[in-house]
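# Architecture at a glance
The chain contents come next:
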Amino acid sequence: MSNYVLEANDVAIHYGGVKAVDGVSLTLERGQIRGLIGPNGAGKSTVIDAITGRTRLTRGTVHLAGHDVTALGATQRRMRGLSRSFQRTSIFGQMAVRQQVELASHKMGVADSQADADAVLQELDLMPLADATAEDLGYGQQRRLDLALALVGRPQVLLLDEPMAGLSVQESHDLAKHLKALTSRWDVAVLLVEHDMDVVFGISDVVTVFELGRVIASGAPASVRADPRVREAYLGSTA
Ligand SMILES: Nc1ncnc2c1ncn2[C@@H]1O[C@H](COP(=O)(O)OP(=O)(O)O)[C@@H](O)[C@H]1O
Ligand SMILES: [Mg+2]
């Protein structure tokens, strides 16, 4: 048995001649945050689609808590605790915050969806907004609601594609604080694709760097930041 809650091995996604992801292996331990960075088009979003089952693999395998889920669809993987956020696309504008989170929990088949929803709202400091409708929330609050919907049923793994995009510095900081708290209190493992380098290097336990669909560096934040290839390819030599 492996110790990893998530293990992607030699994952490739080719679109005709385009090798969007070309033989990537990465792991997550329980409660770990792995930052994933790389230039536009490096394959970061595609690897999230691959891991969550949204896109068919050209090759490779995905294991969740030691079980091979490669043949399972996205919904089945979500039911088994592999979750992602969708950047507002899953939010219903006119429904109250609490109602939406409860509905999402109910759809997941959680026995006590009310308790599940309350726990999520509490964890994300959304309780004061529980009766507001989503369309009345500010953008940063809507992003937190989106995260709440991804957290119903207590997933083991959470994959986030640029969750800080469009947020203010303060909102980004708040979201980062919530993510860190989730990993320690709920033991959720997070794969965090994010442009904001301060956030990535600030909260990640490990960082992986993609270039052209491949991993060019991976390890502790300080060593990745110091890697000459990373500095040249991505951070710029003065970073
Ligand atoms: N559905 C698709 N069909 C063809 N090419 C795609 C498709 N999705 C992504 N790509 C290509 O795959 C590469 C990786 O894209 P993407 O994963 O979105 O990169 P990133 O998220 O790192 O910016 C890019 O060259 C992109 O144009
Ligand atoms: Mg992307």
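No experiment lies behind these values; they were computed from the predicted model shown. (Residues numbered from 1 in each chain as written. Chains lettered and ligands numbered in written order. Predicted model: local features only at pLDDT ≥ 70, side-chain atom pairs only at ≥ 80, totals over all residues. Heavy atoms only, no water.)

### Considerations on the sheet that holds strand E5 (residues 67–68)
The sheet built from 4 strands is open, its strands ordered E2-E1-E4-E5 with antiparallel pairing. Every other strand in the sheet has two partners, leaving strand E2 (18–29) and E5 as the edge strands with one partner each. Pairing of strand E1 (residues 4–15) with strand E4 (residues 59–64), which is carried by 5 bridges, proceeds in the antiparallel orientation. Bridge pairing links Glu-7 to His-63 in E4. Contacting E1, E2 and E4, helix H1 (residues 44–52) runs over the sheet at an angle of about 115 degrees to E1. (Pairing = 2+ DSSP bridges. Helix = DSSP H or I, 4+ residues; strand = E, 2+ residues; numbered from the N terminus. Contact = heavy atoms within 4.5 Å. Axes fitted to C-alpha atoms, helices over the stretch in contact; angles between N-to-C directions.)

### Here we look at the side chain of Ser-204
Relative to the elements of secondary structure, Ser-204 occurs in the loop between helix H7 (197–203) and strand E9 (206–211). At 3.3 Å, the side chain of Ser-204 forms a polar contact with the backbone nitrogen of Gly-35. A distance of 2.7 Å separates a polar side-chain atom of Ser-204 from the backbone oxygen of Val-200. Those residues in contact with Ser-204 that lie beyond four places of it in its chain are Ile-33, Arg-34, Gly-35, Val-199 and Pro-221. (Polar contact = N/O pair within 3.5 Å; in protein donor to acceptor, adjacent residues only side chain to side chain.)

### A look at the domain arrangement of the chain
Partitioning the chain into structural domains gives domain 1 (1–81 + 155–239) and domain 2 (87–154). On a C-alpha basis, the centres of domain 1 and domain 2 stand 24 Å from each other. Listed by partner, the interface residues are 21 residues for domain 1 and 18 residues for domain 2. Taking both sides of the interface into account, the surface hidden between domain 1 and domain 2 amounts to around 1700 Å²; carbon and sulfur atoms contribute 61%. For domain 1, the biggest contributors to the area lost against domain 2 are Arg-78, His-178 and Trp-186; these three give 38% of the whole. Where domain 1 packs against domain 2, one counts 1 salt bridge. (Domains from an automatic or database assignment. Buried area = accessible area lost by both parts, 1.4 Å probe. Salt bridge = Lys/Arg side-chain N within 4 Å of Asp/Glu carboxyl O.)

### A look at helix H5 (residues 139–151)
Taking 1.5 Å of rise per residue, the 13 residues of H5 would be expected to cover 18 Å, and the 19 Å separating its terminal C-alpha atoms lies within 8% of that figure. Of all the 13 residues making up H5, 11 are buried; the element is thus mostly covered by neighbouring parts of the structure. Within H5, burial applies to Gly-140, Gln-142, Arg-143, Arg-144, Leu-145, Asp-146, Leu-147, Ala-148, Leu-149, Ala-150 and Leu-151. Residues of H5 that are buried make contact with helix H2 (74–79), strand E6 (82–84), helix H3 (97–107), helix H4 (113–123), strand E7 (157–161) and helix H6 (169–185). Trailing H5 by a residue or two, Gly-153 shows a phi angle of about 80 degrees, which is positive. (Expected span 1.5 Å × (residues − 1). Buried < 20%, exposed > 50% of the residue type's maximum accessible area, 1.4 Å probe, protein only.)

### Focus: the site of ligand 1
All residues adjacent to ligand 1 are Tyr-15, Ala-20, Pro-39, Asn-40, Gly-41, Ala-42, Gly-43, Lys-44, Ser-45 and Thr-46. At a separation of 2.7 Å, an oxygen atom of ligand 1 approaches a polar backbone atom of Gly-41. Here an oxygen atom of ligand 1 and a side-chain polar atom of Thr-46 are 2.5 Å apart. When ligand 1 is considered free in solution it has 570 Å² of accessible area, and contact with the protein chains removes 58% of it. (Near = heavy atom within 4 Å. Areas by Shrake-Rupley, 256 points an atom, 1.4 Å probe, with all protein chains shown as cover.)

### A word on the pairing of E7
For E7, a buried count of 5 out of 5 residues is recorded, marking the element as mostly surrounded by other parts of the structure. Because side chains alternate across E7, one face comprises the buried residues Val-157, Leu-159 and Asp-161, and the other comprises Leu-158 and Leu-160, equally buried. Across 5 bridges, the pairing between E7 and strand E8 (residues 189–193) is parallel. Within E8, the residue paired with Leu-159 across the bridge is Leu-191.

### As for the sheet that holds E8
An order of E6-E7-E8-E3-E9-E10 is seen for the 6 strands of this open sheet, with the pairing classed as mixed. Edge positions in the open sheet fall to E6 and strand E10 (214–219), since each of these has one partner strand only. Between one strand and the next, the sheet's axes are offset by a mean angle of 20 degrees, whatever the strand orientation. Here E9 runs beside E10; their pairing, made up of 5 bridges, is antiparallel. Directly across from Thr-208, in E10, lies its bridge partner Ser-218. Helix-sheet contacts for H5 involve E6 and E7, and the interaxial angle to E7 is about 150 degrees. The strands that H6 touches are strand E3 (33–37), E7 and E8; relative to E3, the one it contacts most, it runs at about 140 degrees.

### As for unusual backbone geometry
Apart from glycine, the bulk of residues carry a negative phi angle, and the bulk of peptide bonds sit in the trans form. A positive phi angle is found at Asp-125, which is not glycine, with a value near 55 degrees. When you line up the elements, Asp-125 lands in the loop between H4 and H5. A relative accessible area of 45% places Asp-125 in the partly exposed class.

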